Amino acid sequence: MSVRYIESKKTFLLQTKNSTYQMKVSDYGYLLHLYYGERLEDEDLSYLIQLQDRGFSPNPNEAGNDRTFSLDFLPQEFSSDGSCDYRLSSIEVKNGDGSYAFVGKAAKHEIYAGKYSLEGLPSLWAADQDRVDTLEIWLTDPATQLTAVLCYSVFEEKDIITRAVKVINESEETIYLNRIMSMTMDFMDSDYDFIHFDGRHTMEREWSRNPLAYGIQNVGSFRGASSHQHNPFAILCERGASEDDGRCYGFSFVYSGNFMCKVEKDQYDQTRIVMGIHPKHFSYQLKPGERFTAPEVVLAYSGKGLTHLTHLYHRVYRENLCKSPYVRKERPILINSWEAAYFDFDEAKLLEIAKEAVDMGVELFVLDDGWFGNRNDDNAALGDWDVNTAKLPRGLGGLSEDIHEMGLNFGLWIEPEMVSENSELYRKHPDWCLQMPRRQPSRGRYQLVLDLSREDVRDYIVTSINSVLDSARIEYVKWDMNRFITDAWSAIVEKEKQGEIYHRYILGLYDIMNRIILTHPEILFCGCSGGGGRFDPGMLYYQPQIWCSDNTDAVCRLKIQYGTTFVYPVSAMESHVSVCPNHQTGRTVPLETRGITAMDGILGYELDSTKLTEEEKRICRQQVEAYKRNYPLIVYGDYYRLTNPYTFSEYVAWEHVSRNRDEALISLVLTEKEANDAQRYVKAKGLNPQMQYQVDGMEGSLSGQALMSAGLPVPGKLMQYEAVQYHIKAL
Ligand code: GLA
């Protein structure tokens, strides 16, 4: 078993192929963290706990005269609150007597084969070939009988450990859970960099790396969605760690709502990192016998740098996260109507775009926003999911049939979580949106957010969307969400429970996705929230791909996709070729470069195909053919970031290498050009040093060692924003 309890030492041992996680029940019943890192065999690491009398660090009462035991400096698995630990707390509760304290002692544990499950929440699952074992440890506060059950599942072969927490109120009184972190991890040192992924609408997941400093660093979202601003993923790595070397720890939160990740460097140069639901405006009522389930954090450890950490996440997120059968299918190449026509279309125009797209090799036509109600701009009709017959007189069915006759599949945009004030739905049910008493709700893109904590609202959404999906032949759906939450208050929830609304919204979202997406396994769903405002593993559980960003500028995409690849696989990133000058930046970039950049994801087009020249269509057709030829390599291969666009400005390069290392594709975009500039080289990674390879377009062969150590020349004739691909094949 990959999980063991060693009774004589009171230690718990979690073993993956290349990592070890160890913890210990201490003298007074506290659960201490001993180690997470490089795999060790059966060693007892209890000696790492060094007790000392430290001034102003209080001692628990049961320690009696022992002044050397303090939770203020001991490494813990789940930190207590309101007692001896002044560092970041894992939990905050208000007890029935009005006190704010939780002090958990190890009460019992259970070890079993298989993965734990989290009610109502997405989480990783074990596939047939996976060996997964689980440990659950009950930490009970003897004073209140409140229990936090710490859950750990070990994916042994995949080097992944998942964590989650269930809080059970076993007392006779009502308590309020005001904060619950799904994961707390203590390190006995602090020489780490904190890497996180920040951004904004149209510039998501920007890489940010800073050394830890004394005090607390904080990223998170309380926008009601995981957000464009911060992604629920963070890395702690050794100060010198690079793509190829160094200890790195990843923390990825499987949740689509408010989240928080905080790192603290304490007075003794130790580190604590916590990750969980953002505690702002969070207060969950637990009556006697009730429980709360906190979402999952997926942990990975790499002793070999950031690239290996990426490979661990890519593999597990490709194989153990998404429930859609499409996750294993080749995704169709689509054309989307948004940047082609926005709201300004009729049936004839759509059919023309589709007809030209057939010529480009496209396989799926996606009708974006504007097809329903009186939706002629973004001011109206969300919630009214009836086709706009002025634009589409033969309904979705007629359009879809014609599209299919051309040999294309048909896809549709929806935004089920929203309502426009100018809609039949709002006029009928004004109380169905989130809004607070005595205040008018804030608008975002002229729209309000439906109260997904309400069952009647969810039933309406499920019925109306399912009937749209059943009204025509639809093979793809883009599920959008175009504003964040404000006014988080529900008309049917008692006032003591209003602090639950943000979380209940997300539970409601997962419920409707269970009832719409999982009941339509034949449809490929793509996530979207103004591009990448909800690009997280919670959404990837339902939808195998997500629209990466509303920014289709290929040069901006280099950074957006760079940041995204640290944790999310290529198969999750939908990327489109659009026209130039680009609609978001005004920049002009060659069509070839736009294609190469979009191929670093699930390739698609987002342009008016009727306006392309014959030559442009030929280039697109070539792109489609190249992408389809290289699909297994791009989507299932190992991913290598060859440059960091934040620290190196001349070119951006990345590489896909087949799992057996007999094939690779390097893509390079020249981002900075000077006249008569230096000769540059790009070095491959991940090849077999002993193997001989043929590089497409070059005479003779080269060893993997030469390609990785000496590299390949970047053509001197390449102009700014031009791109090149090197296709490398073993002889
Ligand atoms: C969002 C999406 C876009 C497009 C529009 C339609 O902004 O990210 O791709 O679908 O909505 O309104």
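Since the structure is predicted, the reported quantities are computational estimates derived from the model, not experimental observations.

## Focus: the site of the ligand
Line of reasoning, step 1. Near the ligand, the surroundings consist of 13 residues, among which Asp368, Asp369, Arg445, Lys478 and Asp550 are the closest.
Line of reasoning, step 2. In the environment of the ligand, an oxygen atom lies 2.9 Å from a nitrogen or oxygen atom belonging to the side chain of Arg445.
Line of reasoning, step 3. Here an oxygen atom of the ligand sits 2.9 Å away from a polar atom, N or O, in the side chain of Asp480.

## A short note on the side chain of Gln498
Line of reasoning, step 1. Within the secondary structure, Gln498 sits in the loop between strand S25 (476-479) and helix H7 (501-516).
Line of reasoning, step 2. The exposure class assigned to Gln498 is buried, which follows from its relative accessible area of 12%.
Line of reasoning, step 3. Other than its neighbours up to four places away in sequence, Gln498 contacts Ala488, Trp489, Ser490 and Val493.

## Digging into the sheet that holds strand S37 (residues 723-730)
Line of reasoning, step 1. With antiparallel pairing, the 6 strands of this open sheet are ordered in space as S30-S31-S32-S37-S34-S35. Single-partner strands in this sheet number two, and they are strand S30 (638-641) and strand S35 (702-703).
Line of reasoning, step 2. Across 2 bridges, the pairing between strand S34 (residues 692-695) and S35 is antiparallel. When the sheet's bridge partners are listed, Tyr693 is paired in S35 with Leu702.

## Topic: the domain arrangement of the chain
Line of reasoning, step 1. Along its sequence, the chain is carved into domain 1 (3-319), domain 2 (325-417 + 455-484 + 525-635) and domain 3 (640-730).
Line of reasoning, step 2. With centres defined by C-alpha atoms, the gap from domain 1 to domain 2 works out at 38 Å.
Line of reasoning, step 3. The interface is formed by 33 residues belonging to domain 1 together with 33 residues belonging to domain 2.
Line of reasoning, step 4. Summed over both sides, the interface between domain 1 and domain 2 buries roughly 2,700 Å², with carbon and sulfur atoms accounting for 61% of that surface.
Line of reasoning, step 5. Of all residues in domain 1, Arg205, His314 and Arg318 give up the largest surface area on contact with domain 2, accounting jointly for 21% of the area buried on that side.

## Quick notes on the nonpolar core
The nonpolar side chains of a soluble globular protein tend to be buried with one another.
Line of reasoning, step 1. Phe251, Leu367, Trp371 and Tyr605 are the most contacted members of the largest nonpolar core, which has 196 residues in total.
Line of reasoning, step 2. Among the elements that make up this core, the one with the highest residue count is H7 (9 residues).
Line of reasoning, step 3. Tyr640, Leu668, Val682 and Leu707 belong to the second largest nonpolar core, which has 22 residues in total.

## Considering the packing of helix H3 (residues 347-360) against helix H11 (residues 614-629)
Line of reasoning, step 1. Between H3 and H11, the least distance of the axes is 8 Å, while the angle of their chain directions is 60°. As summarised for this structure, H3 and H11 are arranged oblique, according to the angle between their axes. Contact with H3, carried on its side by Glu356, Asp359 and Met360, involves Lys617, Cys620, Arg621 and Val624 of H11 and no other residues of that element.
Line of reasoning, step 2. Among the residues making up the contact of H3 with H11, the classes are represented as 3 nonpolar, no polar and 4 charged.

Thresholds, definitions, all that
- Residues numbered from 1 in each chain as written.
- Predicted model: local features only at pLDDT ≥ 70, side-chain atom pairs only at ≥ 80, totals over all residues.
- Heavy atoms only, no water.
- Near = heavy atom within 4 Å.
- Polar contact = N/O pair within 3.5 Å; in protein donor to acceptor, adjacent residues only side chain to side chain.
- Helix = DSSP H or I, 4+ residues; strand = E, 2+ residues; numbered from the N terminus.
- Buried < 20%, exposed > 50% of the residue type's maximum accessible area, 1.4 Å probe, protein only.
- Contact = heavy atoms within 4.5 Å.
- Pairing = 2+ DSSP bridges.
- Domains from an automatic or database assignment.
- Buried area = accessible area lost by both parts, 1.4 Å probe.
- Core = buried A, V, L, I, M, F, W, Y, C linked by side-chain atoms within 4.5 Å.
- Axes fitted to C-alpha atoms, helices over the stretch in contact; angles between N-to-C directions.
- Parallel < 35°, antiparallel > 145°, perpendicular 65-115°, else oblique.
- Nonpolar A, V, L, I, M, F, W, Y, C, P; charged D, E, K, R; others polar.

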